[in-house]
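# Overview (structure and organization)
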Amino acid sequence: MALKWYRVYYRKDPDFMIDPNLTIEDIPNTHTLLLTIRAEDEEGAFGYMQGEVWSPQGQARELIEALQLKHTSMSVGDVVEDVRDGKFLQVAGMGWNVLHRKGA
């Protein structure tokens, strides 16, 4: 399977989990763009964004602090965007929630 580009957005509020009304337009207010990575699919992006994979010796600490984020590993409430097709997916307790545009 070919690798795809994903933008990774981490939630700004460490207490924010899932908002069923979250839209793509809300992302700049609720999340911070952290990285753009390549992965086979969203599950691969999630696996890569676990702290022990992308920051095993704490390399990401400076970036996380500079962006005023509070967590290194991707978790519930964070978002990936498939750059090619513009699909936004939010990490849910089990699986993913697809985000839509306002009014869609």
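Refer to the preceding data block for the structure.
## Here's the deal with the pairing of strand 3 (residues 79-82)
- The two faces of strand 3 match: Val79 and Glu81 on one face and Val80 and Asp82 on the other face are all buried.
- The pairing of strand 1 (residues 4-11) with strand 3 spans 4 bridges and is classified as antiparallel. Considered in strand 3, the bridge of Val8 is made with Val80.
- Relative to strand 4 (residues 87-91), strand 3 runs antiparallel, the two sharing 4 bridges. Residue pairing across strands places Val80 opposite Leu89, the latter belonging to strand 4.
- Linking strand 3 to strand 4, which pair antiparallel, is a turn of 4 residues; within it Gly86 sits at a positive phi near 70°.

## Overview of the pattern of salt bridges
- The full count for this structure, using the stated rule, is 5 salt bridges.
- Note that Lys102 is salt-bridged to Asp26, the shortest N-O span being 3.6 Å. Taken as a pair, Lys102 in the segment after strand 5 (96-99) and Asp26 in the loop between strand 1 and helix 1 (27-30) lie far apart in primary sequence, 76 residues in all.
- What makes Asp26 buried here is its relative accessible area of 18%.

## A few points about the nonpolar core
- Grouped together as the largest cluster of nonpolar side chains are 17 residues, with contacts concentrated most on Tyr10, Met49, Met74 and Val80.
- If you list the elements that add at least two residues to this core, you get strand 1, strand 2 (31-39) and strand 4.
- Grouped together as the second largest cluster of nonpolar side chains are 8 residues, Ile27, Val79, Phe88 and Leu99 included.

## Looking at the packing of aromatic side chains
- Here the structure, examined in full by the defined rule, presents 2 aromatic pairs.
- Their ring planes at 90° and their centres at 6.3 Å tell us that Phe46 and Trp96 sit as a pair that is edge-to-face. Of this pair, Phe46 sits in helix 2 (residues 42-48) while Trp96 sits in strand 5, and the two are 50 residues apart along the sequence.

About the cut-offs
- Residues numbered from 1 in each chain as written.
- Predicted model: local features only at pLDDT ≥ 70, side-chain atom pairs only at ≥ 80, totals over all residues.
- Heavy atoms only, no water.
- Buried < 20%, exposed > 50% of the residue type's maximum accessible area, 1.4 Å probe, protein only.
- Helix = DSSP H or I, 4+ residues; strand = E, 2+ residues; numbered from the N terminus.
- Pairing = 2+ DSSP bridges.
- Salt bridge = Lys/Arg side-chain N within 4 Å of Asp/Glu carboxyl O.
- Core = buried A, V, L, I, M, F, W, Y, C linked by side-chain atoms within 4.5 Å.
- Phe/Tyr/Trp six-rings, centres within 6.5 Å; stacked < 30°, edge-to-face > 60°.

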